[in-house]
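Descriptive analysis of the structure
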Amino acid sequence: MDNSEIVNPVLDISLRTLPLDMTDVFGNPNECLLEIGFGDGDFLIENALGNPGKNYVGIEIKKSRFNKAVRRAKRQKVRNVRFIHMDADIAAGELFDTDTFTTAFINFPDPWPKDRHKKHRIINRGFLTKLSRIMKKDGVIEMASDHGEYVTNTLYTMRKTGLFETVFPDPGYTLQMPGRKETKYEAEFRSEGREIRYMKFKNLKRTGFSAGRSGKI
């Protein structure tokens, strides 16, 4: 195949049997990494371009952002990234087989700061159970947030579920992640003087948890 050929980065699940066969999706058995809520796709695309021997999957619910990422991936002729336009909670429960991903990225998730909205936060037991199932044992979740209370709540929820182990020592996060690709929001927040906290969690792959098959974030 001509390396200059543009690969369609959109993964249309209506054309495929579930759970997805990632070797068939990408045409190779390479390691698969996932980004949940990829926004404009800058982080995912930069990682894919820098690591051509790995496969990247992104899930995004907002159509305008999804379309922008697709256009950029086509423009840059990225071959090892696929985008799914779908609710991440449903995707995690329905689309992927057990032990699919080695790494999951969650960059600057909506903190839903008002008390009445906190039920919408992506970090909850139901979603984490689904995510644990589709990740390999000892697979890693990497998270970044500029919202202090959200970080505290995330660390508490992770400990409470017992599905993932915090990698960083107390207080459970670090303020520096050398070698990390910087997102657009990350650059903006830094320029505004906001403190960004990075978290990392290891999948313990405990048994006895049953992932739900539906629900919204």
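The coordinates are above.
Everything quoted here is computed from the prediction, not taken from an experiment.

Reading the values: the criteria
- Residues numbered from 1 in each chain as written.
- Predicted model: local features only at pLDDT ≥ 70, side-chain atom pairs only at ≥ 80, totals over all residues.
- Heavy atoms only, no water.
- Buried < 20%, exposed > 50% of the residue type's maximum accessible area, 1.4 Å probe, protein only.
- Helix = DSSP H or I, 4+ residues; strand = E, 2+ residues; numbered from the N terminus.
- Right-handed = clockwise from strand over helix to strand, strands pointing away.
- Pairing = 2+ DSSP bridges.
- Lys, Arg positive; Asp, Glu negative; His and termini not counted.
- Salt bridge = Lys/Arg side-chain N within 4 Å of Asp/Glu carboxyl O.
- Polar contact = N/O pair within 3.5 Å; in protein donor to acceptor, adjacent residues only side chain to side chain.
- Contact = heavy atoms within 4.5 Å.
- Axes fitted to C-alpha atoms, helices over the stretch in contact; angles between N-to-C directions.

**Quick look at the pairing of strand β5 (residues 135-145)**
In terms of residue burial, β5 counts as a mostly covered element, since eight of its eleven residues are buried. Crossover handedness for the path strand β4 (residues 101-107) to helix α5 (residues 125-134) to β5: right-handed. With six bridges connecting them, β5 and strand β7 (residues 197-203) associate as antiparallel partners. Note that in β7 the partner of Val-140 across the bridge is Lys-202.

**A short note on the side chain of Glu-60**
Turning to its location among the elements, Glu-60 is positioned in strand β2 (residues 55-60). The side chain of Glu-60 is buried and forms no salt bridge, while Arg-65, the nearest opposite charge, is found at 4.8 Å. At 3.0 Å, the side chain of Glu-60 forms a polar contact with the backbone nitrogen of Lys-62. Aside from chain neighbours lying at most four places away, what touches Glu-60 is Gly-37, Phe-38, Gly-39, Arg-65, Phe-66, Ile-84, His-85 and Met-86.

**Observations regarding the sheet that holds strand β1 (residues 32-36)**
The mixed open sheet is built from seven strands, whose spatial order is β3-β2-β1-β4-β5-β7-β6. Of all strands in the sheet, those with a lone pairing partner are β3 (81-85) and β6 (164-166), marking the two edges. Averaged over all adjacent pairs, the angle separating strand axes in this sheet is 20°, with direction ignored. Across six bridges, the pairing between β4 and β5 is parallel. Opposite Phe-105, over in β5, you have Glu-142 as the bridge partner. In this fold helix α2 (residues 42-50) packs onto β1, β2, β3 and β4, with an angle of close to 175° to the strand it touches most, β2. Contacts between helix α6 (residues 148-161) and the sheet are confined to β5, β6 and β7, with β7 contributing the most and set at about 15° to the helix.

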